[in-house]
Amino acid sequence: MGRFYITTPIFYVNGDPHLGTAYAVILADAIARWHRLLGEEVLFVTGTDEHGLKIAQSAARHGVTPQEWVDRTATEFQRAWDSLDVSYDDFVRTTQPRHHETVQAFLGGIYERGDIYLGTYEGLYCVRCEAYYQPDELEDGTRCPVHHVACEHMHEENYFFRLSRYQEPLLAYYAGHPDAIVPETRRNEVLRFIEGGLSDISITRTSIDWGVRVPWDPRHVFYVWYDALINYLTVLDYGRDPERMAAWWPSVHHLLGKDILRFHAVWWPAMCMAAGIDPPRRLIVTGWLLNEGEKMSKSLANQIDPLAVARTLGPDALRHYLVRSSAIGPDWDVSLEALVMLYNAELANGLGNLVARIVALILQRAEATAPSAPPEPPAPLELVQALEEARVGWERWRPNDAIDAAIGLVHRLNAYLEATEPWRLPRSSPEVRAVLGAAREGARIAALLLSPAVPRGAERALQALGFANAGPLAWTPDQPSTRLERSDPIYPRADFELLREGLA
Ligand code: MSP
């Protein structure tokens, strides 16, 4: 089986995790979990982006050193992701020595090859984006289009990367790899941008020193973005372990938001080419979570606090909502009300209720021993179709469709119980055992299909149904089983009004 390497953007530590950043990490986690289910070897990495002016300013505002500040906030990110059941294999921090070494090796290599030179830069800079803008990209020629705040005029001696050399190579790369950027609208946007011509880019700063030192000229530090992008190589021990690089880099998938597309689809692949490695194999570009039409962020007061939701309803409620509500690509509006409705309909009344019913019936009518399933799934379950739809959904970056297929199976299992009425069949008869065995095996597969989104509830469902282990992602009649016992509901129903008061 293959390898699958997936990354999230590394998060700025100038604030707390919020719903927008939780969306990125939960989607990546769900994708990673799906690939683990397929039996692939998976490397899933997230982390924190800890250098740059913005972070230095946040530290100063809180009266601590930048290092103290980033240690504190990076720990908060890790705790937050842990509490949302994010199963990262590695957590990269850009202040780690391994990262500094990687950045210096990678950019040092490009310098030696001749694609980095000294020049002067002048322009309008948004501190919050850590990016220069062209006047025509700004609101009224002065204000940042994302943060709506005035940009600062900056003038400095910088090292430049010869991005202009890479227009043709990038176009050729994307022509040869039509699926390198999904969804297609984002790919087209990138192609138009590259076709418009590329200028060299400034990649170092002398105005601050909170960053990775330029190895050949220590007056400079690398501009935070060119340090940050290289995190994707840090965890592969680039420059230190060529075998590890060769094993994982070809399967890399970067998940990112549309606001950081150019960095990932133009700057980063060009730098990879300049360093002599392949451009990233795939960019998966998400839209924004909106609240009343505005991008959710920590600076706009429009929060649903992801951690408060997870504390109150459990992480699955939040995860299910984020994974299930939209395909990857478009922007979509979030609301607490929609989250609670979906939780009640699909988790409490859906998976939770199904499992509770099957367990109760096995306790009453099959003497608490889990019956084995018939050799083939009953036709009305449309089980093979559900498996196929789920596979196609994940493959096409439509996790919402994949989860929809699993929920469809849950509904058909409930309908199957209604139709077969096992509560009317004679206790412990072969008929009742066949029906309950089929329902139990179907529920195992539904739980597995839901597990990328709701790992905690899926695990509890398998335990409650007496499965000693998760088993394969296919109808498997002879699963080892344990004796069933009565258990608490997996997903207690939620009351929206009570919840809103609890979260207020
Ligand atoms: N540090 C850079 C990324 C460097 S990657 C080499 C950064 N950090 S961020 O914390 O500002 O954003 C991280 C990710 O969160 C981005 O992909 C961004 O799109 C995503 N989101 C932040 N708010 C969001 C929404 N409201 N909706 C969806 N995703 C958004 O950029």
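Source: prediction; values computed, not measured. Counting restarts for each chain: residues are numbered from 1 in the order of the written sequence. Thresholds applied to this predicted model are a pLDDT of at least 70 for local features of residues and 80 or more for the giving and counting of side-chain atom pairs; totals over whole chains, interfaces and linings are not thresholded and use all residues. With hydrogens and water stripped out, all remaining heavy atoms of the structure feed into the side-chain values.

## Side note on the overall build of the chain
- A run of DSSP states H or I qualifies as a helix once it reaches four residues; a run of E qualifies as a strand once it reaches two. Both are numbered from the N-terminal end. Within the chain one finds 18 helices and 16 strands.
- With the radius of gyration taken over C-alpha atoms, the globule rule is written as 2.2 Å times the number of residues to the power 0.38. Relative to the 2.2 N^0.38 estimate, which gives 23 Å for 504 residues, the radius of gyration of the chain is 25 Å and therefore close to what a compact globule would have.
- Expressed along its principal axes, the backbone C-alpha trace of the chain runs to roughly 85 × 50 × 40 Å.
- Relative accessibility under 20% of the residue-type maximum defines a buried residue, over 50% an exposed one, and the middle range a partly exposed one, all with a 1.4 Å probe and only protein chains included. The buried share among the 504 residues of the chain stands at 57%.
- Contacts are residue-level and defined by heavy atoms, with any inter-residue pair within 4.5 Å sufficient. Long-range contacts, defined here as pairs at least 24 residues apart, represent 76% of the contacts in the chain between residues at least 6 apart.

## Structural notes on the nonpolar core
- The definition of a nonpolar core used throughout is a set of buried Ala, Val, Leu, Ile, Met, Phe, Trp, Tyr and Cys residues joined through side-chain atoms within 4.5 Å. The biggest cluster of nonpolar side chains holds 109 residues, and the ones touching the most others in it are Trp81, Leu322 and Leu409.
- The leading source of residues in this core is helix H13 (residues 336-365), at 14 residues.
- Domain assignment of the residues forming this core places at least three in each of domain 1 (3-303) and domain 2 (336-483).
- Among all residues touching Trp81, those that are not within four sequence positions of it are Phe11, Pro17, Thr21, Ala22, Val25, Thr46, Val86, Tyr88 and Phe91.
- In terms of nonpolar packing, the next biggest core, distinct from the first, is built from 77 residues, Leu53, Tyr226, Leu256 and Ile277 among them. Delimitation of the domains relies on an automatic or database domain assignment.

## Regarding the sheet that holds strand S16 (residues 332-333)
- Spatially, S15-S14-S16 is the arrangement adopted by the three strands of the open sheet, whose pairing is mixed. Looking along the sheet, the strands with just one partner apiece sit at the ends: strand S15 (294-295) and S16.
- The pairing criterion for strands is at least two bridges between them, as found by DSSP. Inspection of the sheet shows strand S14 (residues 289-291) paired to S15 by two bridges, in the antiparallel sense. Bridge pairing in S15 links Asn291 to Glu294.

## Considerations on the packing of aromatic side chains
- Planes of paired rings set the category: under 30 degrees apart is stacked, over 60 is edge-to-face and the rest tilted, where pairs are Phe, Tyr or Trp rings (Trp by its six-membered ring) whose centres lie within 6.5 Å. For the coordinates displayed, the defined rule picks out 27 aromatic pairs.
- Between Tyr111 and Tyr159, the aromatic rings sit 6.2 Å apart at their centres with planes inclined by 85°, giving edge-to-face as the arrangement. With Tyr111 in helix H4 (residues 97-113) and Tyr159 in strand S7 (residues 152-161), the pair connects residues that are 48 residues apart, well separated along the chain.
- We classify Tyr159 as buried; its relative accessible area is 7%.
- The structure contains a cluster of three or more aromatic residues connected by ring pairs, namely Tyr117, Tyr121, Tyr125, Tyr132, Phe160, Tyr223 and Tyr226.
- One cation-aromatic arrangement involves Arg3 over Trp248; the distance from NZ or CZ to the ring centre is 5.2 Å.
- The rule for a charge over a ring is simple: NZ of Lys or CZ of Arg within 6 Å of the ring centre, and within 35 degrees of the ring normal. Between Lys54 and the ring centre of Tyr12, over which it is positioned, the NZ or CZ distance is 3.7 Å.

## Describing the pairing of strand S4 (residues 90-93)
- Neither face of S4 is left uncovered, since the one carrying Asp90 and Val92 and the one carrying Phe91 and Arg93 both have all their residues buried.
- Pairing of strand S3 (residues 41-49) with S4, which is carried by four bridges, proceeds in the parallel orientation. For Gly47, the partnering residue across the bridge sits in S4 and is Val92.

## Let's talk about the sheet that holds strand S6 (residues 131-133)
- Spatial strand order, S6-S5-S7-S9: four strands in an open sheet with antiparallel pairing. Lying at the two open borders of the sheet, with one neighbouring strand each, are S6 and strand S9 (201-202).
- Bridging between strand S5 (residues 116-126) and S7 involves ten bridges; their strand directions are antiparallel. By the bridge assignment for S7, Glu122 is matched with His155.

## Regarding the domain arrangement of the chain
- For the chain, the assigned domains are domain 1 (3-303) and domain 2 (336-483).
- Here the C-alpha centre of domain 2 lies 41 Å away from the C-alpha centre of domain 1.
- Counting residues at the interface gives twelve residues for domain 1 and twelve residues for domain 2.
- Note on definitions: buried area is the accessible-area loss of two parts on being combined, 1.4 Å probe, summed for both. Buried area between domain 1 and domain 2, summed over both chains or domains, comes out near 1200 Å², and the portion from carbon and sulfur atoms is 78%.
- Interface area lost by domain 1 to domain 2 is led by Trp34, Leu37 and Asp85, which between them contribute 51%.
- We count a salt bridge whenever a side-chain nitrogen from Lys or Arg sits within 4 Å of a carboxyl oxygen from Asp or Glu. Counting across the interface, domain 1 meets domain 2 through one salt bridge.
- Throughout this description, a polar contact denotes any pair of N or O atoms lying within 3.5 Å of each other; where both atoms belong to protein, one of them has to be capable of donating a hydrogen while the other can accept it, and for residues adjacent in sequence the pair is counted only when both atoms sit in side chains. Applying the counting rule to domain 1 against domain 2 returns one residue pair in polar contact (both at pLDDT 80 or more).

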